[in-house]
Amino acid sequence: MLRGMVLQNFVHFEKRFVFDFSKTKNGPNIFVGASSTGKTAVLELIRRCMDSRLNSSLTNRANSNERVYVFCEFYLDIDKYGPTVITGMIVDANTDNYSSTMQTDKEVKANPEVKSEDIEEKGRENKLDEMREQGDEQESQKKKMKKDNKPEEMSGEQGEEQGSQNKKDKEMDWDEEGTMFHKVIMYTLGGKIEFCSETYLERRDGKIVNLEKNVKLSQILGDLRSSGYIETNENHISKGITDLFNEDFVVKVLGEIEIKQRENKTYHVRQDLWRKIEEQFVGILPTRGLGTIQWTKSKLIESENKTKNYEGTCLHAEIITELLDSDIIEKKKEQEIFSFLTNPSKIVFRKEAPNANRINLIQVKNGMNEFPLLKTSVGIIEAKQFSLIMAHRTLKTICLEEPDRGMHPQMIERLKEVLHHESRHKTIIVVTHSPYLLDSMSLKNIFFFSRIYEVAFDVVNIYDKLESNKYLKIVKMEDLKAILFSSKVLFVEGSTDKIVLEAIFRHLIQRSSKTYEDILPILSHEICSMGGKELRENISEFCNKLNIKFCLVLDRDAVIETEESTKRIKKIQPGYSSYKRFEGGLVSDFLVDPNGFEALSTDLATKEKTFIWRDGDLEDFLLSSRENNSEILRIFKPDAKFTTAEDKEKYNRMKATIKKSLKNGCFRENLDALADIITHFPETERLCSFLKDI
């Protein structure tokens, strides 16, 4: 099963990233993040490292002029090989024209006199010079082999290496333009490390050609032996994949591949090992709609197309069609999983006997009712596919994209339990946009994907990155889910702040005349309570490390400390020394000075993505318009007898009334009425402007 992988420069992953999937007993590895942030791309790279068949295309590179690589490490519980096997793919930096990066046999023939007695080692370029130096000897050797009509003597296990005479059957055009890449595999056999590569060319027309220049590498194996890369414990990723398999290592590999290929020796890579790895892997894409009829205006909805539609659905449902009656499925286990997911329904899938004119149609029975697969809900179909895959006898690495698609939340909760249970013996990777699949048990295995900027991706393991962060330790799981599945997060100090801001935003979205463009900055923010202003730094660190866009809405005292009795500024937050001259002065003077509160607000928004209430805290904001105070109080306490506040005691009593009412909970209609009033306050407009500019 897959224990980990490392990649660099594929798709939009410019940096080197390491994925540790070895903590399988802690649950599935979950990929979360916004759309188009590389989650599916990582699954595709895993497939390309594991599938022994040729891919139809070469994965895109972030920087085409730089070398790229991906390596996957597996734990294989099979005889003869392993237990550690590493496969990968390398694309050299300068292979857009193959003939420009390596001297061809034709060039060697044309320039047999090119020699140099003292060639210094200066990277791969000098190794190429050294290979050119050997041109005469190689050409002579090749001619002798052709004359004798027998392969060159080669070393290797069990006669795996074969002579270059086998090239005679298929001449490759080594001058053809395209991108060269190498698939590599590393394993142990009889206690000895073996390292082999296969070389391919993606031509300009997109076709991939096997250059039949497979080689066996040995020069760099000394580094591997001393590194301790072999890890026999199936529950831990090896040190080699995390530390050794980097760009320096790749340069060495490429250098030796080129040298070995110039020796005109080929190595027959063990295809049985590739097949063993492939047999234990599967990637599952979400069901994209089984039927051809997806809307009521379909041209295929007429009755004469009925049979064709039913058959097409069954052909599309290949997982169910292939595995439903297969002996490779543990029938009892599959039925237990499917029944657990769909309880209390009693649902049975069966194949109809085929006749001369049609394929095996799949029928679904629910209680006394039976109907074709086309008429089955997507959630039930996904549940059946999931149970078949989980009960598969040979699969040890399973990649699932949105396995919960179309499922009821209760079914998703059960699916999550199955994932945790099955992860004890398998490596399971799940790409999801559903918060239901996240819980505290899987916290250590959550990988968060994001965009650093338009063309660069980032991914971090949340727990590994933020284990020491105080906020991660105390945040509620529901709040964490909201943060991870939001494009932007607005943090407020407490639950009452969240209640009021949600009411304001709801009013602005539903009842105002604003356009979609106007309300987007509001709608895109998920409001979360951070549990107190003392967590500001922890939250900022949390979001910055995960590349989550965020902002803070705080009470004024989070930045400006005042003397309650004198209404004077006692202290302004450190880091804003230009405002120290206001310390000791009246708060009222600071608020009206253009170089005071207004300037500080701009600095806070720019430097710390922070908004503070001008008048103090949330309740001060609600009471900032005196002519509306009585109306606002009647919303919270209809029998209130307060008049317009003229003294401190009355004002504090009004604040206490509002705070208590918000804390105890408010009816929706009361919050809507409150929002209708305060939406037009200057502070509300200032907040909306802040969110739009942030």
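Reading the values: rules and limits
Residues numbered from 1 in each chain as written. Predicted model: local features only at pLDDT ≥ 70, side-chain atom pairs only at ≥ 80, totals over all residues. Heavy atoms only, no water. Helix = DSSP H or I, 4+ residues; strand = E, 2+ residues; numbered from the N terminus. Buried < 20%, exposed > 50% of the residue type's maximum accessible area, 1.4 Å probe, protein only. Lys, Arg positive; Asp, Glu negative; His and termini not counted. Salt bridge = Lys/Arg side-chain N within 4 Å of Asp/Glu carboxyl O. Polar contact = N/O pair within 3.5 Å; in protein donor to acceptor, adjacent residues only side chain to side chain. Disulfide = S-S within 2.5 Å. Pairing = 2+ DSSP bridges. Axes fitted to C-alpha atoms, helices over the stretch in contact; angles between N-to-C directions. Left-handed = near helix turned anticlockwise from the far one by under 90°. Contact = heavy atoms within 4.5 Å. Core = buried A, V, L, I, M, F, W, Y, C linked by side-chain atoms within 4.5 Å. Patch = residues over 30% accessible without salt bridge, like charges linked within 9 Å, V, L, I, M, F, W, Y side chains within 5 Å. Areas by Shrake-Rupley, 256 points an atom, 1.4 Å probe, with all protein chains shown as cover. Charge placed at Lys NZ, Arg CZ, Asp CG, Glu CD. Phe/Tyr/Trp six-rings, centres within 6.5 Å; stacked < 30°, edge-to-face > 60°. Lys NZ or Arg CZ within 6 Å of the ring centre and 35° of its normal. Parallel < 35°, antiparallel > 145°, perpendicular 65-115°, else oblique. Expected span 1.5 Å × (residues − 1).

Undergrad: Could you give me a rundown of the overall build of the protein, with the residues and numbers involved?
TA: When its secondary structure is counted, the protein shows 27 helices and 25 strands. In the protein, which comprises 694 residues, the proportion classed as buried is 52%.

Undergrad: Could you give me a rundown of the side chain of Glu198, with the residues and numbers involved?
TA: With respect to the helices, strands and loops of the structure, Glu198 is situated in strand 8 (residues 192-203). As a buried residue without a salt bridge, Glu198 has its nearest oppositely charged side chain in Lys183, at a separation of 5.9 Å. Polar side-chain contacts of Glu198 include one of 2.9 Å to the side chain of Tyr200.

Undergrad: Go over the state of the cysteines with me, naming the residues and quoting the values.
TA: Linking two cysteines covalently via their sulfur atoms produces the bond known as a disulfide. Counted under the stated rule, the structure contains zero disulfides. Sulfur of Cys399: no disulfide; nearest cysteine sulfur belongs to Cys72 and is 8.9 Å away. On the accessibility criterion, Cys399 (2% relative accessible area) is buried. Residue Cys528 stays outside any disulfide, its sulfur separated by 8.9 Å from that of Cys543, the closest cysteine. A residue is classified by how much of its surface remains accessible, and Cys528, at 1% relative accessible area, is buried.

Undergrad: An account of the sheet that holds strand 14 (residues 362-366) is requested, with residue identities and associated values reported.
TA: Strands sit in the order 13-14-15 across an open sheet of three strands; the sheet is antiparallel. Each having just a single partner strand, strand 13 (347-351) and strand 15 (369-372) make up the two edges of the open sheet. Direction aside, neighbouring strands of the sheet carry axes that sit 25° apart on average.

Undergrad: Describe the packing of helix 24 (residues 629-636) against helix 25 (residues 648-664), naming the residues involved and giving the relevant values.
TA: With their axes 10 Å apart at the nearest point, helix 24 and helix 25 run at an angle of 35° to one another. The crossing of helix 24 and helix 25 is left-handed. Of the residues in helix 25, those in contact with Asn629, Ile632, Leu633 and Phe636 of helix 24 are Met654, Thr657, Ile658, Ser661 and Leu662.

Undergrad: Any chance you could break down the sheet that holds strand 18 (residues 446-453) for me, citing the residues and the numbers?
TA: As a general point, the strands of a sheet are linked pairwise by backbone hydrogen bonds and lie either parallel or antiparallel. Ordered by their spatial adjacency, six strands build an open sheet running 12-16-17-3-18-19, and the pairing between neighbours is mixed. If you trace the sheet from one side to the other, it starts and ends with strand 12 (281-284) and strand 19 (456-461), each paired once. Put simply, the sheet's adjacent strands are angled 15° from each other on average, direction ignored. Inspection of the sheet shows strand 3 (residues 29-33) paired to strand 18 by four bridges, in the parallel sense. Bridging across to strand 18, Val32 finds its partner in Phe448.

Undergrad: Mind laying out the environment of Lys549, listing which residues take part and the relevant values?
TA: On the secondary structure map, Lys549 appears in strand 22 (residues 549-554). Look at Lys549 and you get exposed, because its relative accessible area is 55%. Setting aside residues up to four positions removed in sequence, Lys549 forms contacts with Ser487, Lys488 and Val489.

Undergrad: Could you give an account of the nonpolar core, naming the residues involved and the relevant values?
TA: In this structure, Met5, Phe13, Phe19, Phe31 and Ile46 are the most contacted members of the largest nonpolar core, which totals 47 residues. Looking at which element gives the most residues to this core, the answer is helix 1 (residues 39-50), with seven residues. Beyond its immediate chain neighbours, meaning those up to four positions away, Phe13 contacts Leu7, Gln8, Thr37, Gly38, Ala41, Val42, Ala62, Phe449, Phe457 and Val459. Phe448, Leu472, Val489 and Phe550 belong to the second largest nonpolar core, which has 45 residues in total.

Undergrad: Tell me what's going on with the pattern of salt bridges, and back it up with residues and numbers.
TA: Summed over all chains, the structure comprises 27 salt bridges. With its nearest N and O atoms 3.1 Å apart, the salt bridge here joins Arg67 to Glu247. A residue pair is termed long-range when its members are at least 10 positions apart, and Arg67 in the loop between helix 1 and strand 4 (68-75) and Glu247 in helix 8 (residues 247-262) qualify at 180 residues. Since its relative accessible area comes to 31%, Glu247 is described here as partly exposed.

Undergrad: Requested: an account of a positive patch on the surface, with residues and values cited.
TA: A cluster of basic residues, Lys637, Lys650, Arg653 and Lys660, forms a positive patch on the protein surface. Counting through the fold element by element, Arg653 comes out in helix 25.

Undergrad: Give me the lowdown on the packing of aromatic side chains, citing residues and values where you can.
TA: On inspection of all chains with the given rule, the structure shows 27 aromatic pairs. With a centroid separation of 5.3 Å and an interplanar angle of 90°, the aromatic rings of Phe611 and Trp613 are classed as edge-to-face. Among the residues examined, Phe611 registers a relative accessible area of 2% and is labelled buried. Residue classification places Trp613 among the buried positions, given a relative accessible area of 1%. A ring pair is formed by Trp613 and Phe621, whose centres lie 4.3 Å apart and whose planes are at 15°; its orientation type is stacked. According to the relative accessible area criterion, Phe621 is buried, its value standing at 1%. For Lys183, the ring lying beneath its charged end belongs to Trp274, and the centroid distance is 5.2 Å. Cation over ring: Lys384 sits above Phe338, and NZ or CZ is 4.5 Å from the ring centre.

Undergrad: So what about the packing of helix 13 (residues 378-390) against helix 14 (residues 409-422)? Which residues, and what values?
TA: Taken N-terminus to C-terminus, the directions of helix 13 and helix 14 make an angle of 10°; their axes are 12 Å apart at the nearest point. Accordingly, the angle class assigned to the pair helix 13 and helix 14 is roughly parallel. Mapping the contact onto sequence places Gly379, Ile380, Ala383, Phe386 and Met390 in helix 13 and Met411, Leu415, Val418, Leu419 and Glu422 in helix 14.

Undergrad: Which residues make up a nonpolar patch on the surface, and what values do they have?
TA: Nonpolar side chains collect at one region of the surface, where Ile452, Tyr453 and Val455 lie side by side and expose about 270 Å² of accessible area between them. Here Val455 lies in the loop between strand 18 and strand 19. Owing to a relative accessible area of 44%, Val455 belongs among the partly exposed residues under this scheme.

Undergrad: So, unusual backbone geometry: which residues are in play, and what are the values?
TA: Note the cis peptide between Asn343 and Pro344, where omega equals 10°. Phi at Glu212 is positive, roughly 50°, even though this residue is not glycine. Even without being a glycine, Lys609 presents a positive backbone phi close to 50°. Positionally, Lys609 belongs in the loop between helix 22 (597-608) and strand 25 (610-612).

Undergrad: Quick rundown of helix 13? Include the residues and the values.
TA: Spanning 13 residues, helix 13 covers 18 Å between terminal C-alpha atoms, matching the ideal 18 Å at 1.5 Å per step. Within helix 13, 12 of the 13 residues are buried, which leaves the element mostly enclosed by the surrounding structure. Along helix 13, the residues that are buried comprise Gly379, Ile380, Ile381, Glu382, Ala383, Lys384, Gln385, Phe386, Ser387, Leu388, Ile389 and Met390.

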